Amino acid sequence: MSDFNGLGLHLGNLARLSKAKSRSISPENFTGEKGRGGMSVDGPAANVARGLGQGWKVSPFVIIQPGDTFTLADIEGSGAIQQIWMTLARGRWRHTILRAYWDGQDQPSIECPVGDFFACGWEKYAQVSSLAVCVNPGRAFNCYWEMPFRQRARFTLENLADEPIYVYYQINYALTDVPGDVAYFHAQFRRTNPLPYKQVYTLLDGVTGAGHYVGTYMAWGVNNTGWWGEGEIKFYMDGDDAFPTICGTGTEDYFCGAYNFDPGVVDRTQTSGYREFTTPYAGMPQVIRPDGVYASQQRFGLYRWHITDPIRFETDLRVTIQALGWRTDKDRRYLPLQDDIASVAFWYQTLPTAPFPPLPDRDALEVI
């Protein structure tokens, strides 16, 4: 029997023994080798550890210079990434690109700005308390998506900004056999600003192979007044053409809210306004409100994890969402929106990974 736990330990199997080998990579142990942690004598914190010597937090972070790509981890063997913790003491979250490569592929299976990957797409901290991602004070990024690999796992971080970034991180993983029916984790970033009039926003397409869709993060910037969340999300799978197999009823409905995320819409005793929330499977943890001067736009961060309801596909998958609001006329007509929309799609699938669309350049990535 394999020691691979599928979804990791939980309260139902916490006492179960396993022969999997626990390992961890950080700036104090770049290779994750057994018995090799905390050995640095010349790390970036050597000066503040003077007088204490080896083993006293000499190498707690790395510095990535502008234009450079740093290898966070390069793991040989089979197993699964179980948790990633990371924080950027300095650096631009949208201009710091996380990539992951499985089993020697040249094509990354994860390619995403680090802030959006951890459900903070606007380069501003927001508390996130979910099963898959937690963002904790002060701006600590945590990921609990399980990421299996059979031969090799490689993570890199690219700095597209003009200033160095200071990165503290830890990647915890287990070395163990991986069963044949286990798929590979993927995450793809996209952004369109502005969305052309009457066009739908595409979160994901070009996916081939078998797998299941497990999550959506969206950083949605509104370019008009009024409510913006009437649009339907649609999942086209396994040869669907003009019409999808799964069609939602509205944006706030998909993200497990209702009535504009505004309790005052249906209960006049409540103060009207957007209400942030963060739950295990869905949330709108971030609402950035206009300040009446230079921060003029409303911006929202939303996530929806399909952990208990993964969307299965056998050959292909495409995911779209409409940007739809209301016109101000008396006839109550919908208004196609031209918003600033960025997203991360999360899914598992068999390899090989199809090529992703080119990542937007630095200017097109910028939070403006």
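Refer to the structure above for everything that follows.
These figures come from a predicted structure and were not determined experimentally. (Residues numbered from 1 in each chain as written. Predicted model: local features only at pLDDT ≥ 70, side-chain atom pairs only at ≥ 80, totals over all residues. Heavy atoms only, no water.)

Now for the overall build of the protein chain. What the protein chain contains, in helices and strands, is 3 helices and 25 strands. At 22 Å, the protein chain has a C-alpha radius of gyration in line with the 21 Å of a compact globule built from 368 residues. With the C-alpha coordinates of the protein chain rotated into their principal frame, the extents come out at 75 × 50 × 40 Å. The buried share of the protein chain, taken over its 368 residues, is 48%. Counting only contacts in the protein chain whose residues sit at least 6 apart along the sequence, the fraction spanning at least 24 positions is 73%. If you sum the accessible surface of the protein chain, you get close to 17400 Å²; carbon and sulfur atoms cover 51% of it. (Helix = DSSP H or I, 4+ residues; strand = E, 2+ residues; numbered from the N terminus. Rg over C-alpha atoms; globule rule 2.2 N^0.38 Å. Buried < 20%, exposed > 50% of the residue type's maximum accessible area, 1.4 Å probe, protein only. Contact = heavy atoms within 4.5 Å. Areas by Shrake-Rupley, 256 points an atom, 1.4 Å probe, with all protein chains shown as cover.)

Now for the state of the cysteines. Summed over all chains, the structure comprises 0 disulfides. Between C120, a free cysteine, and C134, which holds the nearest cysteine sulfur, the sulfur-to-sulfur gap is 11 Å. Between C143, a cysteine without a disulfide, and C134, which holds the nearest cysteine sulfur, the sulfur-to-sulfur distance is 9.9 Å. Assessed through its relative accessible area of 1%, C143 is described here as buried. (Disulfide = S-S within 2.5 Å.)

Quick look at the packing of aromatic side chains now. The relation between two aromatic rings is expressed through the spacing of the ring centres and the mutual angle of the planes. Under the criterion given, the structure shown has 27 aromatic pairs. With centroids separated by 5.8 Å and ring planes inclined at 55 degrees, the aromatic side chains of F117 and F346 adopt a geometry described as tilted. Placement of F117 in helix α1 (residues 114–117) and of F346 in strand β25 (residues 340–349) is noted, with a sequence separation of 229 residues between them. Here the two residues F117 and F346 agree in accessibility, since each one is buried. (Phe/Tyr/Trp six-rings, centres within 6.5 Å; stacked < 30°, edge-to-face > 60°.)

We now examine the pairing of strand β22 (residues 316–321). As paired strands, strand β14 (residues 201–208) and β22 are joined by 5 bridges and run antiparallel to one another. Of the residues in β22, the one forming a bridge with T202 is T320. Direction of pairing for strand β16 (residues 233–237) relative to β22: antiparallel, over a ladder of 5 bridges. Note that in β22 the partner of I233 across the bridge is I321. (Pairing = 2+ DSSP bridges.)

With that settled, the discussion passes to the environment of P137. By secondary structure assignment, the location of P137 is in the loop between β8 (133–136) and β9 (140–143). Residue classification places P137 among the exposed positions, given a relative accessible area of 64%. In this structure the C-alpha to C-alpha distance between P137 and V62, which are 75 residues apart in sequence, comes to 21 Å. Ignoring any residue separated from it by four or fewer positions in sequence, one finds P137 in contact with Y125 and Q127.

This next bit is on a nonpolar patch on the surface. Where nonpolar side chains cluster on the molecular surface, the patch consists of L131, Y281 and I307 and spans about 240 Å² of accessible area. Within the element layout of this structure, L131 appears in the loop between β7 (128–129) and β8. (Patch = residues over 30% accessible without salt bridge, like charges linked within 9 Å, V, L, I, M, F, W, Y side chains within 5 Å. Salt bridge = Lys/Arg side-chain N within 4 Å of Asp/Glu carboxyl O.)

Counting residues in hydrophobic clusters, the biggest one holds 58 residues, and the most contacted among them are W102, F117, W145, M147 and F155. In terms of residue count, strand β12 (residues 165–175) provides more of this core than any other element does, 5 residues in total. When sequence neighbours within four positions are dropped, the list of residues in contact with F155 reads F70, T71, L72, A73, I81, I84, L98, R99, A100, W102, M147 and I171. Among the nonpolar cores identified, the runner-up in size contains 33 residues, and W228, I311, I321 and F356 belong to it. (Core = buried A, V, L, I, M, F, W, Y, C linked by side-chain atoms within 4.5 Å.)

Inspection of the entire model under this criterion finds 12 salt bridges. Linking D116 and R94 is a salt bridge whose minimum nitrogen-to-oxygen distance equals 2.7 Å. In this pair, D116 sits in helix α1 while R94 sits in the loop between β4 (79–90) and β5 (96–102), placing the two residues 22 residues apart along the sequence. No difference in accessibility class separates D116 from R94, as the two residues are buried. A salt bridge links D162 to R362; its shortest N-O distance comes to 2.6 Å.

Inspection of the secondary structure puts V62 in strand β2 (residues 62–64). Each C-alpha atom of the pair V62 and T225 lies 43 Å from the other, and the pair is 163 residues apart in sequence.

All right, on to the pairing of β8 then. With 2 bridges joining them, β7 and β8 adopt antiparallel strand pairing. Directly across from V128, in β8, lies its bridge partner V135. Turn length for the β7-β8 hairpin, with the two strands adjacent in sequence and antiparallel, is 3 residues. By the bridge criterion, 4 bridges tie β8 to β9 in an arrangement that is antiparallel. Of the residues in β9, the one forming a bridge with V135 is F141. The hairpin turn running from β8 into β9, its antiparallel successor, is 3 residues long, and R139 in that turn takes a positive phi close to 55 degrees.

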